[in-house]
Amino acid sequence: MAVLKVTFTKTNRDKLAQVLWVLNWVSVVTGVTLFSLGLFLKVEIVKRRELMSKEIVSVPNMLIFVGLTACAINFLGGKICYDCVDTTKFLRWKLLMLPYIICTFFFTFCILVGALMCYSMRNDLEESLFLGLRDAMRYYKDTDMPGRCYIKRTMDMLQMQFQCCGNEGYRDWFHIQWISNRYLDMTDSGVAERLRSNVEGKYLIDGVPFSCCGLHSPRPCIQHQITNNSAHYNYEYQKEELNLNRRGCRQALLEHYTQIMQSIGLIVLIIWLFEVSVLTGVRYLQTAMENVLRLGDPDSESDGWLLENSIADTARYNFNIIKNLGKCYQVDDDPNIDVPSTSQQAQENVPVKQIPVAQ
Amino acid sequence: MVVGKMKLTFQKRVKLAQGLWMLSWFATLGGAVTFALGCFLKTELRRRGEVMDNTDIHCVPNTLMIVGLASMGINYFASRICQDALDPGRFPRWKTFLKPFYGCSVFFTTLMLISVILSYIMKGSLETSLKIGLKNGIRFYKDTDTPGRCFQKQTIDRLQMEFQCCGNSNYRDWFEVQWISNRYLDFSSKEVKDRIKSNVDGRYLIDSVPFSCCNPSSPRPCIQYRITNNTAHYNYEHQTDELNLFIHGCREALVNYYMGLMNAIGAVVLSVFLLQCSVLASVRLLQTSMEAVAGQENVEVDSEGYLLEKGVKETFMEYVDPVLKLLWLNEVTPAEAKAEAGTS
């Protein structure tokens, strides 16, 4: 008893083949979409590579690979479906179709994995961003060291673009020295005192870089002596909410990437559903065409199904094949092997021929 | 004196009609692109409308949008004409339509060319408009509590950060304006009182700029206060320091941005203009060559097509005369009526 059997007339089969041909070409377009989505994600991640401790390569590479494979597979599928209208042309593809369907089945599974990976990337990303931002803030002042000279610019542009400040918040800047020693007047008593009071000899201040300044503040930005209310007229730093950007950059970047990946994940899921439907159609077409060939009459009705036997039977059958794959040919199964029989009758009946010996 | 006379065989006429059909659809697309570019330019100008004093520059995108729509219409009709051109039965119904069609087409095609030239002519007007708009924006920067001006600070800050510019002509414009509001100044402080007393208008002027003038590419943390005072900062010479603040003025940055945009748009519109001209010339050739074989039994003979029957000046007068006659007729009629009233 076949799984989900459907009967196809000749016109039904032809229509199915034509529809599948069109759908396969649409799938090529969706494959290109997948590829471009993967490329877009890769570009977005590479753009902020300096702010991540470990670059996330798995998800965009997976999407790029899946996109390219989708194009190839669906291109082939389109060709096959185009030929399926004619039974003589179908014979060319007959042997290839079942492996093709199995490959496509595993491939659609890969698409699903790709979609799920998009959603699971968040945790890796959060940790990577936390470490990356921490290091970027630490190297903010090192604009004279090769390899780190653009970190200040990257950090400033990030804080201005995403309207964020620091890792968790603006207080992160209070714990690191972000003003380089070459701009500090070491002869000044204030500077010397600050350096002395710090255990590691770092110049820590309750100030933040200019890029933390909030755009929505009604007053000019207060970026130095933030916690000192008396340093500024009519200022209470606990009440001031608009002066500096409140959001931490890790949170801002995480939200940005999560949004991108949720959209990409949704699109990939829709593409996956589409691919599964195309695959189902191709399977029906394949079984219908094979049954037509078995019946002999190209214009007759034929049945198409997803699986010939029930799921359990098919599973058992395939499992047996896999089990016997490893073993060599079985002696009792193969009829071509000359097995010496144990019964006397057989021995008498078989004439023993002498092998002529050359003199 | 016929202009652009060409002999066309039947095969050539057929090819011309087919080519023209394709060309007119491309030209329709070109018209749509022109309209879209006009819309895009208008949105870009409106986005920065707060720092512009007047909207004179909007005539460029408005013209582009009108021309784009007209072009789509013209090319649609051109494609319909060429579809019917080879059929002698259907072609005569276009006869009365053709003269106003050519008149309108030439008018709008010239308008397309004018719009490109206009974008270069309006540069001066744009610059003046920006100069006044930015001056006001900088003046009202501190008025975040005055209704109608409360977003000037945000607008100017965003503008300076996005276009990497500072002030109107350069950063010194901020030295001449009080950009810190009085409600954040401590009037009991000696320094504040001295500064206000030393100024004629009683304004608090300092040699400092807002944070949005700071250049992120600078290797040192931004120096935005006491810029001209070398001793106020360690290892600092304000004459040699070029990376600390943005050196370009916002007026220059905005003018360059918009001129760049209009140059790119102008290039595209010029190519659409050339396409449109070729479409019109082809329609005219096809029409005249088909008229030459009209009424004949064998339509597959050679015929001559031309662009203009008479010279350019005479054709122009031919089109303009009906319009003038309409105006003169109106003038003559009241005079005639008066004469009649006089005699009766």
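Residues numbered from 1 in each chain as written. Chains lettered and ligands numbered in written order. Predicted model: local features only at pLDDT ≥ 70, side-chain atom pairs only at ≥ 80, totals over all residues. Heavy atoms only, no water.

J.: Could you clarify how one ought to interpret the overall build of chain A in this entry?
T.: Helix and strand counts for chain A stand at 8 helices and 2 strands. Going from N to C terminus, chain A has its helices and strands arranged as β-α-α-α-α-α-α-β-α-α. Radius of gyration (C-alpha) of chain A: 35 Å, far over the 21 Å computed for a compact globule of 359 residues. Split into buried and exposed, the 359 residues of chain A put 42% on the buried side. Within chain A, counting contacts between residues at least 6 apart in sequence, those at least 24 apart form 72% of the total. For chain A, the accessible surface area stands at approximately 20700 Å², while carbon and sulfur atoms represent 60% of it. In chain A, the 36 positive side-chain charges and the 37 negative ones have mean positions that sit 4 Å from each other. (Helix = DSSP H or I, 4+ residues; strand = E, 2+ residues; numbered from the N terminus. Rg over C-alpha atoms; globule rule 2.2 N^0.38 Å. Buried < 20%, exposed > 50% of the residue type's maximum accessible area, 1.4 Å probe, protein only. Contact = heavy atoms within 4.5 Å. Areas by Shrake-Rupley, 256 points an atom, 1.4 Å probe, with all protein chains shown as cover. Lys, Arg positive; Asp, Glu negative; His and termini not counted. Charge placed at Lys NZ, Arg CZ, Asp CG, Glu CD.)

J.: Sorry, what's going on with the domain arrangement of chain B here?
T.: Many authors give the size of an interface as the accessible area that is lost as the parts come together. Domain parsing of chain B yields domain 1 (3–137 + 252–308) and domain 2 (175–247). One C-alpha centre belongs to domain 1 of chain B, the other to domain 2 of chain B; they are set 54 Å apart. (Domains from an automatic or database assignment.)

J.: Where do I start with unusual backbone geometry in this structure?
T.: Negative phi values dominate among residues other than glycine, just as trans dominates among peptide bonds. At Q163 of chain A, a residue that is not glycine, the phi angle is positive and equals roughly 50 degrees. With respect to the helices and strands, the residue Q163 of chain A is situated in the loop between α4 (151–162) and α5 (189–197). For Q163 of chain A, a relative accessible area of 26% puts it in the partly exposed group. Phi is positive for R226 of chain B, close to 50 degrees, though the residue is something other than glycine. The residue R226 of chain B is located in the loop between α6 (190–198) and α7 (250–293) in this model. Looking at R226 of chain B, the relative accessible area reads 48%, which means it is partly exposed.

J.: So what exactly am I meant to see when it comes to the nonpolar core here?
T.: The tendency in soluble globular proteins is for nonpolar side chains to be buried as a group. Within the largest apolar cluster, 142 residues are counted, with the highest numbers of intra-cluster contacts made by M155, W173 and V208 of chain A together with W174 and V209 of chain B. Per element, the largest residue contribution to this core is 17 residues, and it comes from helix α6 (residues 249–295) of chain A. The residues contacting W174 of chain B, other than those within four sequence positions of it, are I138, Y141, I156, Q160, C166, G167, W179, I206, S208, V209, P210 and C213 of chain B. Grouped together as the second largest cluster of nonpolar side chains are 22 residues, L8, L20, C82 and Y102 of chain B included. (Core = buried A, V, L, I, M, F, W, Y, C linked by side-chain atoms within 4.5 Å.)

J.: Even after reading the chapter, I still don't get the environment of L96 of chain A, so can you show me in this structure?
T.: All names here are of chain A. On the secondary structure map, L96 appears in helix α3 (residues 87–138). Overall, the relative accessible area of 38% leaves L96 in the partly exposed class. Linking L96 and I80, residues 16 residues apart in sequence, is a C-alpha distance of 9.5 Å.

J.: I'm lost on the packing of helix α5 (residues 152–163) of chain B against α7 of chain B in this one. Help?
T.: Helix-helix packing: each pair is described by the crossing angle between the helix axes and the interaxial distance. Residues and elements named next belong to chain B. For the pair α5 and α7, interaxial distance at closest approach is 10 Å and the crossing angle is 65 degrees. The chirality of how α5 crosses α7 is left-handed. Between α5, through L159, Q160 and F163, and α7, the contact on the second element is made entirely by C250, A253, L254 and Y257. Classifying every residue of the contact of α5 with α7 gives 6 nonpolar, 1 polar and no charged. (Axes fitted to C-alpha atoms, helices over the stretch in contact; angles between N-to-C directions. Left-handed = near helix turned anticlockwise from the far one by under 90°. Nonpolar A, V, L, I, M, F, W, Y, C, P; charged D, E, K, R; others polar.)

J.: Can you walk me through the interface of chain A and chain B in this structure?
T.: The partner chain B presents 27 residues to the 26 residues of chain A that form the contact. Counting each side, the surface lost to burial between chain A and chain B is near 2500 Å², with a carbon and sulfur contribution of 63%. If you look at where chain A meets chain B, you find 0 salt bridges. Where chain A touches chain B, the interface holds 7 residue pairs in polar contact (both at pLDDT 80 or more). Along the lines of polarity and charge, the residues of the side of chain A that touches chain B split into 13 nonpolar, 7 polar and 6 charged. (Buried area = accessible area lost by both parts, 1.4 Å probe. Salt bridge = Lys/Arg side-chain N within 4 Å of Asp/Glu carboxyl O. Polar contact = N/O pair within 3.5 Å; in protein donor to acceptor, adjacent residues only side chain to side chain.)

J.: What exactly am I supposed to notice about the domain arrangement of chain A here?
T.: Looking at the assigned domains, one finds that chain A contains domain 1 (3–123 + 261–317) and domain 2 (138–250). Here the C-alpha centroids of domain 1 of chain A and domain 2 of chain A sit 54 Å apart.

J.: Would you mind going over the side chain of S105 of chain B with me for this structure?
T.: Residues and elements named next belong to chain B. In this structure, S105 sits in helix α3 (residues 95–121). The exposure class of S105 is buried, given its relative accessible area of 0%. A polar contact of 2.4 Å, which involves the side chain of S105, links it to the backbone oxygen of F101. Not counting the four nearest positions on each side in its chain, S105 is found in contact with I74 and L280.

J.: So what exactly am I meant to see when it comes to the environment of Q18 of chain B here?
T.: Checked against the element boundaries, Q18 of chain B lands in helix α1 (residues 10–47). Between the alpha carbons of Q18 of chain B and S217 of chain B there is a distance of 58 Å; along the sequence they are 199 residues apart.

J.: What am I meant to see in the packing of α3 of chain A against α4 of chain A here?
T.: Residue and element names in this part refer to chain A. Where α3 meets α4, the closest approach of the two axes is 9 Å, and the angle between their N-to-C directions is 120 degrees. Relative to α4, α3 is oriented oblique. For α3 against α4, the interelement crossing comes out left-handed. In this structure, α3 contributes L133, A136 and M137 to the contact, and α4 contributes I151, M155 and L158. Each residue belonging to the contact of α3 with α4 can be placed in one class, and the counts come to 6 nonpolar, no polar and no charged. (Parallel < 35°, antiparallel > 145°, perpendicular 65-115°, else oblique.)

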